[in-house]
Amino acid sequence: MSIKSSNLGYPRIGENREWKKVMEKYWAGGMEEDEFQEKMKEIRLQHLRKQQDLGIDMIPVGDFSFYDHVLDTAVMFGLVPKRFNEYGGKASIKTYYDIARGTKEAVASEMTKWFNTNYHYIVPELDETKPSLIENRPLQLYQEAKRELNIEGKPVILGPVTFVKLSKGYKKDLFRTVVDQYVPLYAQLLRELEAEGVTWVQIDEPVLATSLSREEVDYFQEIYKILTESAHGIRVILQTYYESVDDYQDIVSLPVHGIGLDFVQDDGENLNSLIKYGFPEDKVLAAGIINGRNIWRANLEETFSLVHNIQQHVADDRLIIQPSSSLLHVPVTKKNEKKLEDNIKNALSFADEKLHEISIIKKGLDKGITEIQNQISDSKRAIEALRALQSTTDAKSKEAELSMERKEPFRVRRQLQQSFFQLPLLPTTTIGSFPQTPEVKKQRSLWRKGQIDQMQYEKFIKEETERWIKIQEKLGLDVFVHGEFERTDMVEYFGEKLEGFQITELGWVQSYGSRCVKPPIIYGDVSFRAPMTLKETLYAQSLTLKPVKGMLTGPITILNWSFARDDISKYEVANQIAFALREEVRILEENGIRMIQVDEPALREGVPLKEEKKEGYLHAAVNAFKLATASVENETQIHTHMCYSNFKEIMGAISEMDADVISIETSKSHGELIHALEESTYDKGIGLGVYDIHSPRIPLLNEIKENIERALNVLDVHQFWINPDCGLKTRGEDETISALQVMVEAAKQVREEVTLQKALRS
């Protein structure tokens, strides 16, 4: 029997973001549910057909979602928070989206990063609801694929350990008790798949690539013994990705029929373990040999050699080749990219091209390497042509010449800045962007197509900026932003302005829900070209006496939200970006912009999965931030912003960044960050987002006041800022203004209460 090919997951969004458009039309009331379901089915089947045409043997079903696969799993087990479905039972599509987006009456469920990626999942709430298998969604999608396309699909299921670890609402010392509730439900799910004739099932347990305790590894043994014995006709592949596995011998010995290992992003550790310890003869190895998270073409000669090494330890009839992870993290196809330089485009491989690479390798393994020699040569030529465009400037030598520390410590800067800015107690501001209305998008599209000229476009941007400065004046905010109407995306915008980047036309990737981003491609050395934000910021500042923040995206976020070159260290790339941003900071400051926000929303998501690698990453991230910001005068106030994640373990690194003010999401996580602040001291300015901008609902005054007052239980009133969770780009104009009105009024009331309490005490 020959080697099989497989895929772990396919991008949901479609070549032209068809998925996003259908979803948003349904949300807007422009489509009934029956039509919505039919359109989604068309997209789903098109994706399956593509994989079938590309020659993939084991095609995943169940990887498609209406929003998020973790939310799908929660709803499948009846985990609907009571605030959305008081009486239980199967969740309607409306309820499904209410959980993700919130309603006027109920806040959305928490959203956070999926491991160390820029994909966000909806955090399941494990309250007192007893879970049950409400509907077997993997079974339904398997039946659909077989009925419509005669595809014997491979159902993809998020495993019970990872699912519970990603959830909230239970005491951590009861983890095993909680998981034990779900094991019978997974067993039932597998039995129903077995009855339908399903052969292979992929159960994703990415937590196996993290640092686990001995007890946790042993617990996997217990769980999967129960699951595999519950459905003898099913062959289970236990799938890991994003890293190597530490306890290799124990994990490959787990009582399942196959183990999926990442041989790309494992730093060679999985291959070393395979060579050292071998692989069980009673199992299949699903080997991730093509990078599922980056967009560079594989050197097929090296990939073929990797598989050849694996073959020395695993027989062909027990070997599956596949991408290293789900292809959710890369764009769909490069075929529609018409404007990229040939040397760059030829070196790219998006989802469809990666599956084609899998098929090429399989052909070479089946028929001999000479059968694919032309494709091997093509891949080598493409990579060599890309390398000719790249250089390797030594950023470390530059770093040695520069100061990495502010001139004075924060306690001194704080007094100087307060004297300079004269801000009130509990100052109010926003994170940076204001709504990108249909008119903003229309004008940008007309400009890009050449239907309006540069002067007309800049006139529109100025008018929009002026309008929002007036709105901020009327709202009574204390610190303004210019609104970022000229920016498509907070990373793509800088990618267009810096040397060493290329921007795609349709290289979209899902970030959360219908929100898609277009990561820039870093193909060469990054360097400063010309001022990037000065013109718009200075214009906004000329319209008001209130301070206007200069808005930049930080080096680690630009790195993590781009597809970075892979020929040099990612930290070297981060420092190149930091040097470029340092020049932009200098120019802003020289031109009178004395509040500069350098956002690092992706800093936490880049933290490695392995404990032993975290310290090195955080040191490099702090280093890059300080390279970008440490040159400013004491009176210049450096702000930063970070998004959804567990910040508790990195509070030390956040403090070391030495930003004067940091704003961090907290309302969507329902204030959990405050627990971290109760356990550790943070002595700089901080704004904990007081309302969730990802939900269309308008926050209530008492909700925001409660969030502020809770924060003031652990923070000094003089260090606390009041702001939304994140930028307001995706929100509607009316809801944005209404929400900010509530926020400002809440700040005003709390400010008055604090002042009164202080007067009474004195």
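Rules of the game
- All residue numbers refer to position in the chain's written sequence, counted from 1.
- Only residues with pLDDT of at least 70 are given local features in this predicted model, and only at 80 or more are side-chain atom pairs given and counted; all residues enter the totals for whole chains, interfaces and linings.
- The side-chain values count all of the structure's non-hydrogen atoms but skip hydrogen atoms and water molecules.
- Under the DSSP-based scheme used, a helix requires at least four consecutive residues in state H or I and a strand at least two consecutive residues in state E, with every element numbered from the N terminus.
- Here the globule rule is a power law, 2.2 Å times the number of residues to the power 0.38, and the radius of gyration is based on C-alpha atoms.
- Burial classes: relative accessible area under 20% of the type maximum marks a residue as buried, over 50% as exposed, and values in between as partly exposed (1.4 Å probe, protein chains only).
- Two residues qualify as a contact provided that any one of their heavy atoms is within 4.5 Å of a heavy atom in the partner residue.
- Here the open area of atoms and residues is found with the Shrake-Rupley method and a 1.4 Å probe, where only the protein chains shown may cover a residue.
- Positive charge is attributed to Lys and Arg, negative charge to Asp and Glu, and no charge count is given to His or to the chain ends.
- To locate a charge, the coordinates of NZ of Lys, CZ of Arg, CG of Asp or CD of Glu are taken.
- Cavities and pockets were defined on a 1 Å grid built from protein atoms only: a cavity is a group of points that admits a 1.4 Å probe but offers it no way out, a pocket is an open group of points flanked by protein on both sides within 12 Å along at least five of seven lines, and a lining residue is one with an atom within 4 Å of any such point.
- Grid points are joined across faces, edges and corners, and a volume is the space filled by probe spheres set on the points.
- Gly falls in the polar group here, along with every residue not listed as nonpolar (Ala, Val, Leu, Ile, Met, Phe, Trp, Tyr, Cys, Pro) or charged (Asp, Glu, Lys, Arg).
- A 3.5 Å cut-off defines polar contacts: any pair of N or O atoms within that distance qualifies, except that in protein one atom must be a possible hydrogen donor and the other a possible acceptor, and neighbouring residues in sequence count only when both atoms are side-chain atoms.
- Taken from the helix axis, the directions to the C-beta atoms give the arc we talk about.
- Two cysteine sulfurs form what is called a disulfide whenever their separation falls within 2.5 Å.
- Pairing between strands is defined by DSSP: at least two bridges between them are needed.
- Interaxial angles span 0 to 180 degrees and are taken between N-to-C directions of axes, which are lines fitted to C-alpha atoms, for helices over the stretch in contact.
- Under this scheme an angle from 65 to 115 degrees is roughly perpendicular, one under 35 degrees roughly parallel, and one over 145 degrees roughly antiparallel; angles in between are oblique.
- Note on convention: near helix rotated counterclockwise from far helix by under a right angle means a left-handed crossing. Clockwise means right-handed.

Asks: Give a detailed account of the overall build of the chain, specifying residues and quantitative values.
Replies: For the chain, the count of helices and strands is 27 helices and 20 strands. Here the C-alpha atoms of the chain give a radius of gyration of 26 Å, agreeing with the 27 Å that 2.2 N^0.38 yields for 762 residues. The principal-axis extent of the C-alpha atoms belonging to the chain is close to 80 × 60 × 50 Å. The buried share of the chain, reckoned over its 762 residues, is 62%. Counting only contacts in the chain whose residues sit at least 6 apart along the sequence, the fraction spanning at least 24 positions is 79%. Accessible surface computed for the chain: about 29,700 Å², of which carbon and sulfur atoms make up 47%. Across the chain, the mean location of the 96 positive side-chain charges is 3 Å away from that of the 119 negative side-chain charges.

Asks: Before we move on, can you summarise helix α20 (residues 534-542) with the specific residues and values?
Replies: For α20, the full list of buried residues reads L534, E536, T537, A540 and Q541. The elements touched by buried residues of α20 are α18 (454-475), α19 (492-497), β15 (550-553) and α22 (570-590).

Asks: Please provide a residue-by-residue account of empty space enclosed by the protein, values included.
Replies: Which parts of space are left empty comes out when a probe the size of a water molecule is rolled across the atoms. Counting across every chain of the model gives 11 cavities of 30 Å³ or more. As for the largest cavity, its lining consists of 32 residues, of which S433, M490, R515, C726 and G727 are closest to the centre. Those elements that place two or more of their residues in the lining of the largest cavity are β12 (509-512), β13 (515-517) and β15. The element best represented in the lining of the largest cavity is β15, accounting for 3 residues. Class assignment of the residues belonging to the lining of the largest cavity gives a composition of 13 nonpolar, 12 polar and 7 charged. For the lining of the second largest cavity, the secondary structure elements donating two or more residues are α3 (69-76), α5 (137-149), β5 (154-158) and β6 (200-204). For the lining of the second largest cavity, the element with the highest residue contribution is α3, accounting for 4 residues. In terms of residue class, the lining of the second largest cavity is built from 11 nonpolar, 7 polar and 5 charged.

Asks: Provide a residue-level description of the side chain of K168, including the pertinent values.
Replies: Here K168 shows up in the loop between α6 (160-165) and α7 (175-195). Relative accessible area serves as the criterion here: at 14%, K168 is assigned to the buried category. Within polar-contact distance, the side chain of K168 engages the side chain of E110 at 3.2 Å.

Asks: Please provide a residue-by-residue account of helix α1 (residues 18-27), values included.
Replies: Here α1 has its buried residues at W19, K20, V22, M23 and Y26. Along the long axis of α1, the arc covered by the buried residues comes to 165°, so they all point the same way. Among the structural elements, α2 (33-53), α4 (93-101), β12 and β13 are those in contact with the buried residues of α1. Of the residues one or two after α1, G29 is the one with positive phi, at around 85°.

Asks: Report on the state of the cysteines, specifying residues and quantitative values.
Replies: All told, the structure shown has 0 disulfides when counted by the stated rule. The structure places no disulfide on C516, whose sulfur is separated from the nearest cysteine sulfur, that of C726, by 16 Å.

Asks: Help me get a handle on the sheet that holds strand β16 (residues 595-599), residues and values and all.
Replies: If you trace the 6 strands from one edge of the open sheet to the other, you get β15-β16-β17-β18-β19-β20, paired in parallel fashion. Across the chains shown, the open sheet's two edge strands, defined by having one partner strand only, are β15 and β20 (720-721). As defined by bridge partners, strand β17 (residues 637-642) adjoins strand β18 (residues 661-664) across 4 bridges and the pair is classed as parallel. Residue pairing in the sheet places M642 in a bridge with I664 of β18. Set on the sheet, α22 makes contact with β15 and β16; between it and β15 the angle comes to about 180°.

Asks: Describe the pairing of strand β19 (residues 685-688), listing the residues and the values that go with them.
Replies: Here β19 shows a buried face lined by G685 and G687 and a second buried face lined by I686 and L688. Looking at chain direction, β18 and β19 are connected through 4 bridges and run parallel. Counted as the bridge partner of I664 is L688 from β19. Strand direction decides the pairing type here: β19 and β20, joined by 2 bridges, are parallel. The residue of β20 that forms the bridge with G687 is W721.

Asks: Could you give an account of the packing of α22 against helix α23 (residues 611-629), naming the residues involved and the relevant values?
Replies: In contact at an axis separation of 7 Å, α22 and α23 are set at 20° when each is read in the N-to-C sense. As summarised for this structure, α22 and α23 are arranged roughly parallel, according to the angle between their axes. As α22 packs across α23, the resulting crossing turns out to be right-handed. Here Y571, A574, N575, A578, F579, L581, R582 and V585 of α22 come into contact with α23, specifically with Y617, A620, N623, A624, K626, L627 and A628. For the contact of α22 with α23, the class distribution of residues is 11 nonpolar, 2 polar and 2 charged.

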